[in-house]
Amino acid sequence: QVQLVESGGGLVQPGGSLRLSCTASGSIFSMDTMGWYRQAPGKERELVATITGGGSTNYADSVKGRFTISKGNAKITVYLQMNSLKPEDTAEYYCNLVSMRMHYWGKGTLVTVSS
């Protein structure tokens, strides 16, 4: 069984920064892609950023230049450094792992950007 645990969400003022972390555990044979998605109230879940096992990254246009996704070295961990946060970044952020074509999701961590 694969588990993803996110951390790092919270309340931050516009222009501030947060760093999200996600660690995967369980029977994981490979990491094809890990990434972050978000869902704001009343909206569909959308891609924020992904990173492949080889380190290639992909970002939503709305976060390019502000967010950085990276991998940990030892464990199957992914980070999302979020800078210059805007109120429209407010959402539940979900970690995603694709392994052997299977998708796994974390339970989410709430990010609120407000003054």
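Structure: above.
Residues numbered from 1 in each chain as written. Predicted model: local features only at pLDDT ≥ 70, side-chain atom pairs only at ≥ 80, totals over all residues. Heavy atoms only, no water.

## Some points on the pattern of salt bridges
Taken as a whole, this structure holds 4 salt bridges when the rule is applied. Across the salt bridge formed by arginine 38 and glutamate 46, the nearest N and O atoms sit 2.7 Å from each other. On the basis of relative accessible area, arginine 38 is assigned to the buried category, the value being 6%. One salt-bridge network, in which partners are shared between bridges, spans Arg38, Glu46, Arg66 and Asp89. (Salt bridge = Lys/Arg side-chain N within 4 Å of Asp/Glu carboxyl O. Buried < 20%, exposed > 50% of the residue type's maximum accessible area, 1.4 Å probe, protein only.)

## Things to note about the packing of aromatic side chains
Inspection of every chain in the model, using the stated rule, returns 1 aromatic pair. Each ring, one from tyrosine 37 and one from tryptophan 105, has its centre 5.1 Å from the other, and the planes form 70°; the classification is edge-to-face. Here the residue tyrosine 37 occupies a position in strand S4 (residues 33-39), and tryptophan 105 occupies one in strand S10 (residues 102-105), the gap between them amounting to 68 residues. Taking relative accessible area as the criterion, tryptophan 105 reaches 37% and is therefore assigned partly exposed. Directly above the ring of tyrosine 79 sits arginine 19, whose terminal nitrogen or CZ lies 4.0 Å from the centroid. We note arginine 45 situated over the ring of tyrosine 94; from NZ or CZ to the ring centre the distance is 3.8 Å. (Phe/Tyr/Trp six-rings, centres within 6.5 Å; stacked < 30°, edge-to-face > 60°. Helix = DSSP H or I, 4+ residues; strand = E, 2+ residues; numbered from the N terminus. Lys NZ or Arg CZ within 6 Å of the ring centre and 35° of its normal.)

## A closer look at the nonpolar core
Formed by 29 residues in total, the largest nonpolar core has its most connected members in Trp36, Leu80, Met82 and Tyr93. Discounting residues that sit within four places of it in the chain, leucine 80 has contacts with Leu18, Arg19, Leu20, Trp36, Val48, Ala49, Phe67, Thr68, Ile69 and Tyr93. (Core = buried A, V, L, I, M, F, W, Y, C linked by side-chain atoms within 4.5 Å. Contact = heavy atoms within 4.5 Å.)

## Considering the pairing of strand S1 (residues 3-7)
What you see with S1 is a clean split: Leu4 and Glu6 sit on the buried side and Gln3, Val5 and Ser7 on the side with no burial. Both S1 and strand S3 (residues 18-25) contribute to a ladder of 5 bridges, which runs antiparallel. In the sheet register, glutamine 3 faces S3, and the bridge partner there is serine 25. (Pairing = 2+ DSSP bridges.)

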